[in-house]
Each structure stands twice: as C-alpha cells, then as structure tokens.
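Analysis of the macromolecular model
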Amino acid sequence: MRIGELAETVGVTTRTVRHYHQLGLLPEPERRSNGYRDYGLRHAVVLARIRRLTELGLGLTEVRDVLADDAGRDLAEVLTELDEDLARQESAIRERRARLRALLDSGELSAEGPVSPELAAVFSELNHASTLPTDSPMAAKDREMLALLDTVATPAERARIMDLVGSAVATPDAVARAHEAYALLDALADTEHPVDPADPRVDEAARALAGCVPAALLPEGNPVDHDSGFLRAFYADFAPAQAEAIRRALRIVTRG
C-alpha cells in the first residue's frame, strides 16, 4: 500500500501518518526502487491501534508507552490512569456547571461578572436596597474594583473583604450614604471645568467616602503607600479632584 491507501484504510490523514513516523510511533518502511514506500498489513494494524488509543483520550506519549515492548506499563495501567484523570475532569466540569447555573438562575449577572456569590449579593444589595439612581460612573468604578479584589484575593481574604463590604451596605441608611458619596465624587469629574483640589467639595467628598469605608478593610498597622505602582495606576483612572478626594479619604480612615 502507498501512504495514501494506508491512511484511507485506517481513516486518518497522510499528514497524521507522517507525524507518527516522526514521533517513532509507526515504523517507516524503506523506499523501494521506484522511490515509494510500501506499507504492509502490519502497518495498518499498528496505525489502527494508535487511532483507537488516541480516540480514548490517550496522549501520544502514553500511546508510545503502550506500544513499546519495554515500557514497563501495560495497557490496563495506562487506561486506569486515564480513567482517573477523566473522573477528575468530570468532577471539575460538574462543579463549573453548578456555578454557571447558579449565576444564570440568580438573575443578578452584572457588567463586571461573573463574580463570586458573595460579591453578587453585595451588588444586589446596592442595586435594590435604595431608591437612589445606580447609574453613577463612580459606582461603576467601585464595582470594577470590587470585582478585581474578588478575583485576585485568596479565598480567606476574599471572604473577609466581602463580609466587610456586605456589612457596610447592610442597611438602607448605609446604602444611601454610599450613593451620596458616589454623587459627590461624580460631581468632581467635570472635564470641561476641572475642579481645583483646593475646592471645598473635595473635602466634602473625602469625608463622605471615608464614612463608607470600613477601617478593617485596609491593612492593619500599615500606612497606605500612595506612591505604590498599584495606587498610582488606581489614581490615574480618576479626574485629579476625584483622586485627591480618595487620597484624603484613605488618610482619614487610616488615622481612625
């Protein structure tokens, strides 16, 4: 058989056959005097076995172990490992589907989602526990920051942060204060007439924001490094007066 006939017989491509030759999985016959390679039945048998093994999910390294006489690993051992790996994948897929279903059923998917159930509950509280408008640009930035923390924090730290944030918006009055702080900060974002950081509205927004931030949310006993790369990037995302109000709020909170 020519290579095309072998590939067609087994149901693979000639490119696949050549790839298996390169990897040493399938013996490569010598060229005949006419320049063509002549494949025999044995080649078809081995190629068909490779196809069956790969269709089961074995990687080509594992296929080589099965085919090698001195591999020290029989087919039962390799397939047992594969079955265990598939069981782990199956469990992970079930868990992911359960999380997806919970998100879809909650009806609380946000622009920042997907987020943890704890953060989704906080967002829901902010959306529904107040009659004040929720389309504030500052509120949107706040949600983005919470989604970032939700993603990068360790599970224990995430649980602590979400518990603190949840407590901070646990009452209608607390939610109203948060929306008031958002409104004051939004008012500092005038791009046509930039607000002077010395404007008294900056201090007013800083005090309102500080009243919404739980002191325990910030690192205990460590001063906030306003020159850190992260905070520099954070402040750069705001209008200058907004950034100054946030700096002042952090100083108020950390001074207690």
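Structure first, text after, so check above.
Quick look at the structure, then. (Residues numbered from 1 in each chain as written. Predicted model: local features only at pLDDT ≥ 70, side-chain atom pairs only at ≥ 80, totals over all residues. Heavy atoms only, no water.)

1. Re the side chain of His43
With respect to the element layout, His43 can be found in helix α3 (residues 41-56). Within polar-contact distance, the side chain of His43 engages the backbone nitrogen of Gly40 at 3.0 Å. Setting aside residues up to four positions removed in sequence, His43 forms contacts with Leu6, Leu26, Pro27 and Pro29. (Helix = DSSP H or I, 4+ residues; strand = E, 2+ residues; numbered from the N terminus. Polar contact = N/O pair within 3.5 Å; in protein donor to acceptor, adjacent residues only side chain to side chain. Contact = heavy atoms within 4.5 Å.)

2. Let's talk about the pattern of salt bridges
Taken as a whole and judged by the stated rule, the model has 12 salt bridges. Of the charged contacts in the structure, one is a salt bridge between Arg248 and Glu244, with a shortest N-O distance of 2.8 Å. Pair noted here: Arg248 and Glu244 are both in helix α12 (residues 240-255), with a separation of four residues, about one helical turn. For Glu244, a relative accessible area of 18% puts it in the buried group. Taken together, the shared-partner salt bridges in this structure form one network comprising Asp203, Glu244, Arg247 and Arg248. (Salt bridge = Lys/Arg side-chain N within 4 Å of Asp/Glu carboxyl O. Buried < 20%, exposed > 50% of the residue type's maximum accessible area, 1.4 Å probe, protein only.)

3. What about a nonpolar patch on the surface?
A cluster of nonpolar side chains, Leu148, Val152 and Phe230, forms an exposed patch at the surface whose accessible area comes to about 290 Å². If you trace the backbone, Val152 turns up in helix α7 (residues 137-152). (Patch = residues over 30% accessible without salt bridge, like charges linked within 9 Å, V, L, I, M, F, W, Y side chains within 5 Å. Areas by Shrake-Rupley, 256 points an atom, 1.4 Å probe, with all protein chains shown as cover.)

4. Comments concerning helix α1 (residues 3-10)
Burial in α1 covers these residues: Ile3, Leu6, Ala7 and Val10. Down the axis of α1, the buried set is contained in an arc of 95°. They therefore lie on one face. Facing away from the buried side of α1 by more than 90 degrees, the exposed set consists of Glu8 and Thr9. Of the residues one or two after α1, Gly11 is the one with positive phi, at around 90°. (Arc of directions from axis to C-beta.)

5. Description of α12
With 16 residues, α12 should reach 22 Å at 1.5 Å per residue; the first-to-last C-alpha distance of 23 Å fits that figure. Turning to α12, its buried residues number three or more, namely Ala241, Gln242, Ala243, Glu244, Ala245, Ile246, Ala249, Leu250 and Val253. Those residues of α12 that are buried are in contact with α7, α9 (172-186), α10 (200-210) and α11 (229-236). (Expected span 1.5 Å × (residues − 1).)

6. Section: the packing of aromatic side chains
On inspection of all chains with the given rule, the structure shows three aromatic pairs. Measuring from ring centre to ring centre gives 5.8 Å for Phe234 and Tyr235, while their planes differ by 55°; the resulting arrangement is tilted. Assessed through its relative accessible area of 4%, Tyr235 is described here as buried. Aromatic pair Phe234 and Phe238: ring centres 5.0 Å apart, planes at 70°, arrangement edge-to-face. Across this residue pair, the class does not change: Phe234 and Phe238 are buried. One aromatic cluster in this structure is built from Phe230, Phe234, Tyr235 and Phe238. (Phe/Tyr/Trp six-rings, centres within 6.5 Å; stacked < 30°, edge-to-face > 60°.)

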